[in-house]
Amino acid sequence: MEVLTNSLAGLGAFLLYFSLSIAFLMLFKVVYVRFTPHDEWKLVKEGQNIAAAIGLSGSIIGYCLAIAGAASNSVNLIDFALWGIVALFAQLIAFYIVRFGFMPKIVERIEAGEIPAGIIMAATSVSVGLLNAACMTY
């Protein structure tokens, strides 16, 4: 019985961090599609746009990687929440770097369903998420 009690000792913290992670993920989806000039969710849902699906999936995975790093390295929920917000901004910055730095027509290309543009956006988002997670270790 003691083994079971010891194993479940962290259940409360798990539920708090997991719940906050899910809330952050939902917030990220809402914020990300509002800050990008095209609504990826609408393009995927209504237009079945594969390029938008790939790009949005990459941004979600990248964000999840970052908040996973934040969760495993934070010292408390406030610390985790702050780094979750930093991760959200990092993903938005990644989009704008691609859009204004490397591929100015990425929005039009994704809206047109060009899969390579979606892949570039997804790869950039995942890469930024990995770097973000790695930089959150302290």
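What counts as what
Residues numbered from 1 in each chain as written. Predicted model: local features only at pLDDT ≥ 70, side-chain atom pairs only at ≥ 80, totals over all residues. Heavy atoms only, no water. Helix = DSSP H or I, 4+ residues; strand = E, 2+ residues; numbered from the N terminus. Contact = heavy atoms within 4.5 Å. Lys, Arg positive; Asp, Glu negative; His and termini not counted. Charge placed at Lys NZ, Arg CZ, Asp CG, Glu CD. Phe/Tyr/Trp six-rings, centres within 6.5 Å; stacked < 30°, edge-to-face > 60°. Buried < 20%, exposed > 50% of the residue type's maximum accessible area, 1.4 Å probe, protein only. pLDDT = per-residue confidence, 0-100. UniProt positions renumbered as here; feature names shortened; annotations may be inferred. Patch = residues over 30% accessible without salt bridge, like charges linked within 9 Å, V, L, I, M, F, W, Y side chains within 5 Å. Areas by Shrake-Rupley, 256 points an atom, 1.4 Å probe, with all protein chains shown as cover. Salt bridge = Lys/Arg side-chain N within 4 Å of Asp/Glu carboxyl O. Expected span 1.5 Å × (residues − 1). Polar contact = N/O pair within 3.5 Å; in protein donor to acceptor, adjacent residues only side chain to side chain.

Undergrad: What is the right way to read the overall build of the chain from this model?
TA: If you tally the helices and strands in the chain, you get seven helices and zero strands. With respect to the three principal axes, the spread of C-alpha positions in the chain is 60 × 30 × 20 Å. Within the chain, counting contacts between residues at least 6 apart in sequence, those at least 24 apart form 73% of the total. Each charge sign in the chain was given a centre, from 7 positive and 8 negative side chains, and these centres are 9 Å apart.

Undergrad: I'm lost on the packing of aromatic side chains in this one. Help?
TA: Here a ring pair, both rings aromatic, is described through the centre-centre distance and the interplanar angle of the planes. One pass over the full model with this rule turns up eight aromatic pairs. A ring pair is formed by Tyr96 and Phe100, whose centres lie 5.9 Å apart and whose planes are at 5°; its orientation type is stacked. Residue Tyr96 and its partner Phe100 are both found in helix H5 (residues 77-102); the two are separated by four residues, about one turn of the helix. The exposure class assigned to Phe100 is exposed, which follows from its relative accessible area of 59%. Every member of this aromatic cluster is reached through a ring pair, and the members are Phe28, Tyr32, Tyr63, Phe95, Tyr96 and Phe100.

Undergrad: What's the story with unusual backbone geometry in this structure? I'm lost.
TA: With the exception of glycine, most residues fall at negative phi, and the peptide bonds are largely trans. At Gln48, a residue that is not glycine, the phi angle is positive and equals roughly 50°. In this structure, Gln48 sits in the loop between helix H3 (40-47) and helix H4 (50-73).

Undergrad: Help me understand the confidence of the model for the chain in this model?
TA: For any part of a model where pLDDT is low, the fine detail of the predicted coordinates should not be relied upon. Mean pLDDT for the chain: 92, with 99% of residues reaching 70 or above. Here helix H1 (residues 2-7) is the element of the chain with the lowest mean pLDDT, 80, and H4 is the one with the highest, 95.

Undergrad: Help me understand the UniProt feature "transmembrane region" (unreviewed entry) in the chain, please; the structure alone is not making it clear to me.
TA: Per the UniProt entry, the sites bearing "transmembrane region" (unreviewed entry) are residues 6-28, 49-68, 80-102 and 114-134 in this numbering. Helix makes up 100% of residues 80-102 and strand 0%. Its end C-alpha atoms lie 31 Å apart. Summarising residues 114-134: 95% helix, 0% strand, and an end-to-end C-alpha distance of 31 Å.

Undergrad: Would you mind going over the environment of Met121 with me for this structure?
TA: One can find Met121 in helix H7 (residues 115-135). Measuring from C-alpha to C-alpha, the distance between Met121 and Tyr17 comes to 28 Å, with 104 residues separating the pair along the chain. Contacts of Met121, omitting those with residues within four sequence positions, involve Tyr32, Gly55, Ala94, Phe95, Val98, Ile106 and Ile110.

Undergrad: Whenever I open this one, a nonpolar patch on the surface confuses me. Can you help?
TA: A surface patch of nonpolar side chains, amounting to about 940 Å² of accessible area, comprises Met1, Leu4, Leu8, Leu11, Phe14, Leu15, Phe18, Ile22 and Met26. Here the element with the most residues in the nonpolar patch is helix H2 (residues 11-35); it accounts for six residues. On the secondary structure map, Met1 appears in the segment before H1. Given the relative accessible area of 79%, Met1 is considered exposed.

Undergrad: How should H4 be read in this particular structure?
TA: Along an α-helix, a turn takes 3.6 residues, which lines up residues three or four apart on a common side. Look at H4: 34 Å from first C-alpha to last across 24 residues, which is about the 34 Å you get at 1.5 Å a residue. Where H4 is concerned, the buried positions are Ala51, Ala52, Gly55, Leu56, Gly58, Ser59, Gly62, Tyr63, Ala66, Ile67, Gly69 and Ala70. Buried residues along H4 sit in contact with H2, H3, H5, helix H6 (106-111) and H7. Between a side-chain oxygen at the N-terminus of H4 and the backbone nitrogen of Ala51 the separation is 3.0 Å; the capping residue is Asn49.

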